[in-house]
Amino acid sequence: MDPAKIDLSPWYSTDTAQYLASADRRIVIGFRAAVEMVGQPVPSAALRRASVRSSIASIVRDYNADNPVEAIRDNQERLSAGNETSKAQQAARSNGDILNSLDPSDLLKGSDDNAR
């Protein structure tokens, strides 16, 4: 049979779209495979659907795209929190030790608390 003589209009009808919308995924996959084997464009009703569950990253990205001012504010708050964390970690590392809390420029000058 000549592929040019095949009537493909039923593939793109509303009845087919309604059927595929409620059909089992295996039926939709088979239909899509048959259409692709014939070399025709796949009807929109048979296209792969997006994952049902959105990832947190995509939800945040979509929200930030809709609310750019809040996204900038949140980014600045995150950077500020990271800076405060760094200061706290630096203080924890020095642990009150005088050598770790000295200003390096004082060491280069040769001055210390014992200078007379």
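From a predicted model like this one, the values you see are computed outputs, not experimental measurements.

A. Structural context of the confidence of the model for the protein. Summarising the model, the protein shows a mean pLDDT of 76, and 72% of its residues fall at 70 or more. The spread of mean pLDDT over the elements of the protein runs between helix H5 (residues 98–101), the lowest at 55, and helix H2 (residues 25–38), the highest at 89.

B. Highlighting the environment of Ser44. By the secondary structure assignment, Ser44 is in the loop between H2 and helix H3 (56–66). Separated by 32 residues in sequence, Ser44 and Tyr12 have C-alpha atoms that sit 8.4 Å apart.

C. Highlighting the packing of aromatic side chains. Taken as a whole and assessed by the stated rule, the structure comprises one aromatic pair. Note on Trp11 and Phe31: the rings are 6.0 Å apart at their centroids and 75 degrees apart in plane angle, and the pair reads as edge-to-face. In this pair, Trp11 sits in the segment before helix H1 (14–22) while Phe31 sits in helix H2, placing the two residues 20 residues apart along the sequence.

D. Representation of the side chain of Thr16 in the model. Mapped onto the elements, Thr16 comes out in helix H1. Of note is the side chain of Thr16, whose polar atom sits 2.5 Å from the backbone oxygen of Pro10. In this view, Thr16 contacts Pro10, Trp11 and Phe31; residues no more than four positions away in its chain are not counted.

Reading guide: rules and limits
- Numbers given for residues are sequential positions, taken from 1 along each chain in its written order.
- It should be noted that, the model being predicted, local features are given only for residues of pLDDT at least 70 and side-chain atom pairs only at 80 or more, the latter also being counted only at that level, while totals for whole chains, interfaces and linings use all residues.
- The side-chain values count all of the structure's non-hydrogen atoms but skip hydrogen atoms and water molecules.
- On a range of 0 to 100, pLDDT expresses the predictor's confidence in each residue.
- Under the scheme used here, helices are H or I runs from DSSP no shorter than 4 residues and strands are E runs no shorter than 2 residues, and both carry numbers assigned from the N terminus.
- Only Phe, Tyr and Trp rings are paired, with Trp represented by its six-membered ring, and only when their centres lie within 6.5 Å; those with planes under 30 degrees apart are stacked, over 60 edge-to-face, the remainder tilted.
- N or O atoms closer than or at 3.5 Å make up a polar contact, with two conditions inside protein: a donor-capable atom paired with an acceptor-capable one, and, for residues adjacent in sequence, both atoms drawn from side chains.
- Contacts are assigned to residue pairs with any non-hydrogen atoms lying within 4.5 Å of each other.

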